[in-house]
Amino acid sequence: MTLRDAFREFLRHPSARLLLALSAGSWLVRLGLGGWGIWDALIPVIILALEPFTEWVIHVVLLHWKPRQVAGRRIDPLIARKHRAHHRDPKDAELVFVPMPVLLAAVSIGAVLYLVLLPTLRLGVTTMAAAYTMFLVYEWTHFLIHSTYRPKTRAYRYVWRAHRLHHYRNENYWFGVTLHMADHVLRTFPEKDAVPASDTARTLGVAETVR
């Protein structure tokens, strides 16, 4: 598979098209608003700097959530169930993407928060555009890693190898997808042979999963 083939396949998925449209649309709106300032440059930099830690926390806390009983009720979010299914079958392209209900909720809540919490409409739209773009980059990187496209650069091989170690070596390490700074800071980026092969890399320690 070539990179062009991979991108064509990526765009066949509804969530990829949605994020591409939201990213492009947000930037077009921001261009139309004009009045650029220093914070319009700093906000994307801040989002990029936080991304490794955002990915790490979401991966550890939400994606690897184990079902539990709270007040007699089973708590097992859709995003965790889908992620377990993804670990069981990493080659299933449909399971690579954030589930559409979760994606729609995330982009909608995000849009409201950005527009309400930022001091101006311009900065709210800048934040929205940068966040949607980062989300798109995350989905594209994750899809590419699980496609049949193979690394041709050192930078891509680095993230490709780390994510595959997470799936096939030990699910308790290498939590980043696009960036691995948080893994290095939080000491979850060991050498391959420094940790044992996990018996639960496919199941995440849960006997059953619901797709």
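To start, this report covers the structure provided alongside it. (Residues numbered from 1 in each chain as written. Predicted model: local features only at pLDDT ≥ 70, side-chain atom pairs only at ≥ 80, totals over all residues. Heavy atoms only, no water.)

1. Remarks on the side chain of Asn170
Then, number 1: Position of Asn170 among the secondary structure elements: in the loop between helix 7 (154–168) and helix 8 (181–185).
Then, number 2: At 2.9 Å, the side chain of Asn170 forms a polar contact with the backbone nitrogen of Asn172.
Then, number 3: Dropping the residues within four chain positions of it, Asn170 is found in contact with Leu165, Val195, Pro196 and Ser198. (Helix = DSSP H or I, 4+ residues; strand = E, 2+ residues; numbered from the N terminus. Polar contact = N/O pair within 3.5 Å; in protein donor to acceptor, adjacent residues only side chain to side chain. Contact = heavy atoms within 4.5 Å.)

2. Overview of the pattern of salt bridges
Then, number 1: Taken as a whole and judged by the stated rule, the model has four salt bridges.
Then, number 2: A salt bridge links Asp76 to Arg74, with the shortest nitrogen-to-oxygen separation between them at 3.5 Å.
Then, number 3: Take Asp76: its relative accessible area is 12%, and that puts it in the buried class.
Then, number 4: The salt bridge partner of Arg84 is Asp76, with a shortest N-O separation of 2.7 Å. (Salt bridge = Lys/Arg side-chain N within 4 Å of Asp/Glu carboxyl O. Buried < 20%, exposed > 50% of the residue type's maximum accessible area, 1.4 Å probe, protein only.)

3. Remarks on the nonpolar core
Then, number 1: Within the largest apolar cluster, 24 residues are counted, with the highest numbers of intra-cluster contacts made by Phe10, Phe143 and Tyr156.
Then, number 2: Contributing elements (two or more residues each) for this core: helix 1 (3–10), helix 2 (14–33), helix 5 (100–117), helix 6 (121–146) and helix 7.
Then, number 3: The greatest single-element share of this core, amounting to nine residues, is contributed by helix 6.
Then, number 4: Phe10 has contacts with Ala16, Phe97, Leu136, Glu139, Trp140 and Phe143, leaving out every residue within four places of it along the chain.
Then, number 5: Judged by nonpolar contacts, the second largest core, of six residues, contains Ile47, Leu123, Ala130 and Ala131. (Core = buried A, V, L, I, M, F, W, Y, C linked by side-chain atoms within 4.5 Å.)

4. Structural notes on the environment of Tyr132
Then, number 1: Among the secondary structure elements, Tyr132 is positioned in helix 6.
Then, number 2: Classification of Tyr132 as buried rests on a relative accessible area of 5%.
Then, number 3: C-alpha of Tyr132 to C-alpha of Arg73: the two residues are 59 residues apart in sequence and 34 Å apart in space.
Then, number 4: Excluding residues that lie within four positions of it along the chain, Tyr132 makes contacts with Leu19, Leu22, Ser23, Ser26, Val107 and Ala111.

5. Observations regarding the environment of Ala80
Then, number 1: Structurally, the position occupied by Ala80 is in helix 4 (residues 78–88).
Then, number 2: When residues no more than four places from it in sequence are discounted, the contact partners of Ala80 are Leu62, Leu63 and Trp65.

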